[in-house]
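# A closer look at the structure
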Amino acid sequence: MTDDQELMIDYLRAMNRGDFIRQTLAGIFTMNTLKDLHQFSSTLKEEEIKSPLLFVGHGSPMNGIEDNEFSQRWKEMGKNLPTPKAVLVVSAHWFTKGTFITAMENPKTIHDFYGFPKALFDVQYPAPGNPTLATETAALVHKTKVGLDHEWGLDHGTWSVVKNMFPHANIPVLQLSIDYTQKPQYHYELAAEIAALRKKGVLIIGSGNMVHNLGIMDWKRPDNGYDWANEMNDKFKQLISIGDHRSLINYEQLGSAAKLSIPTPEHYLPMLYILGLKEEKENISFFNDKTMMGSISMTSFLVS
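In this report, the structure presented in the accompanying data block is examined. (Residues numbered from 1 in each chain as written. Predicted model: local features only at pLDDT ≥ 70, side-chain atom pairs only at ≥ 80, totals over all residues. Heavy atoms only, no water.)

Now for the side chain of Ser300. Along the chain, Ser300 falls in strand E10 (residues 300–303). Using a relative accessible area of 0% as the deciding quantity, one classes Ser300 as buried. From its side chain, Ser300 meets the backbone nitrogen of Gly57 in a polar contact 2.9 Å long. Of note is the side chain of Ser300, whose polar atom sits 2.9 Å from the backbone oxygen of Met298. Sequence-distant contacts of Ser300, defined by excluding residues within four places in its chain, comprise Phe55, Val56, Gly57, Ser285, Phe286, Phe287 and Asn288. (Helix = DSSP H or I, 4+ residues; strand = E, 2+ residues; numbered from the N terminus. Buried < 20%, exposed > 50% of the residue type's maximum accessible area, 1.4 Å probe, protein only. Polar contact = N/O pair within 3.5 Å; in protein donor to acceptor, adjacent residues only side chain to side chain. Contact = heavy atoms within 4.5 Å.)

Here the focus is helix H8 (residues 227–242). Taking 1.5 Å of rise per residue, 16 residues should cover 22 Å, and H8 covers 23 Å from first to last C-alpha, within 8% of that figure. Turning to H8, its buried residues are Trp228, Ala229, Met232, Asn233, Phe236, Lys237, Leu239 and Ile240. Among the residues trailing H8, Gly243 stands out with phi positive, at a value near 75 degrees. (Expected span 1.5 Å × (residues − 1).)

This part covers helix H6 (residues 156–165). Spacing of three or four residues puts side chains on the same side of an α-helix, whose turn is 3.6 residues. Along H6, 9 of the 10 residues are buried, which leaves the element largely enclosed by surrounding structure. Turning to H6, its buried residues number three or more, namely His156, Gly157, Thr158, Trp159, Ser160, Val161, Val162, Asn164 and Met165. The N-capping residue of H6, defined by a side-chain oxygen 2.9 Å from the backbone nitrogen of Gly157, is Asp155.

For any pair of aromatic rings, the description rests on two quantities: the centre-to-centre distance and the angle between the ring planes. Throughout the structure, instances matching the rule amount to 10 aromatic pairs. For the pair Phe95 and Tyr180, a centre-to-centre distance of 5.8 Å together with 50 degrees between the ring planes defines the contact as tilted. Taken together, the residues Phe95 in strand E2 (residues 86–96) and Tyr180 in the loop between strand E5 (173–179) and helix H7 (184–192) connect sequence positions 85 residues apart. For Tyr180, a relative accessible area of 39% translates into the label partly exposed. Taking 5.5 Å as the distance between ring centres and 50 degrees as the angle between the ring planes, the aromatic pair formed by Phe236 and Tyr268 counts as tilted. On the criterion of sequence distance, the pair formed by Phe236 in helix H8 and Tyr268 in the loop between helix H10 (256–261) and helix H11 (269–277) is long-range, its members being 32 residues apart. An aromatic cluster is present here, built from Phe113, Phe116, Phe121 and Trp159 joined pairwise through their rings. When the ring centre of Phe286 is taken as reference, the NZ or CZ atom of Lys237 above it lies at 5.8 Å. (Phe/Tyr/Trp six-rings, centres within 6.5 Å; stacked < 30°, edge-to-face > 60°. Lys NZ or Arg CZ within 6 Å of the ring centre and 35° of its normal.)

Read these as spatial facts, not as claims about activity.
Printed below as a string of structure tokens:
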């Protein structure tokens, strides 16, 4: 194993310890005033056309500052999609015990990595938050109690993508965490409970990677994947295209390639949130369809 691979694995372990500490200190669920909710509802009126949905393979944090095929496509998406009134991201990098939503006025830019160039640590994405939207989103969920978080912010699973899509940082951005104690079916069902946000002009993004195995990355394969990674990437695309969500929820039953592709679920689960929000007659189009470094899939899709 190379030094870079060991750094990435140590980072993931450190991130999980940090999440445990943060959630121990997280604030108790609170509600804003009814007046605030009324003001928000009056501002974001329901629209005839629902906002689209995105699942984005975010890959390396460097995609946040490099001009490459992935960041270029994210920029195109930002120009071509209807300008959202707010963005809600389910990021693989906020993996918590319980479910939380960022509820601060000004979320900080989190540099949740190490071993990268200083230029990446210098990035700031000062998009505003929206505490009232956070409260309304929490109120939509009946499956669990959603805590209003004031400690987290925007991690690289969010800002590396959204910074390219909306570079002016003038659109409110929130994050919804992923409860690591729950099964995939739970996340799929929870997502459906926030579907009303789409009629309020909120763009919901799942940010992760369908195939994500850092432990066996091959740095000599920058532009292609192992045979099993390509096989699984194609299988996922097929199941998504035909709407076989049950098989995708029960991915552990898809064989050895699936086990190699998803050794841990945090990068896969954001996709289930987007599938849980998709309506039956909506179309899916894939982009950034590529496996790289042997064991990473950048494949993404738009639901509209």
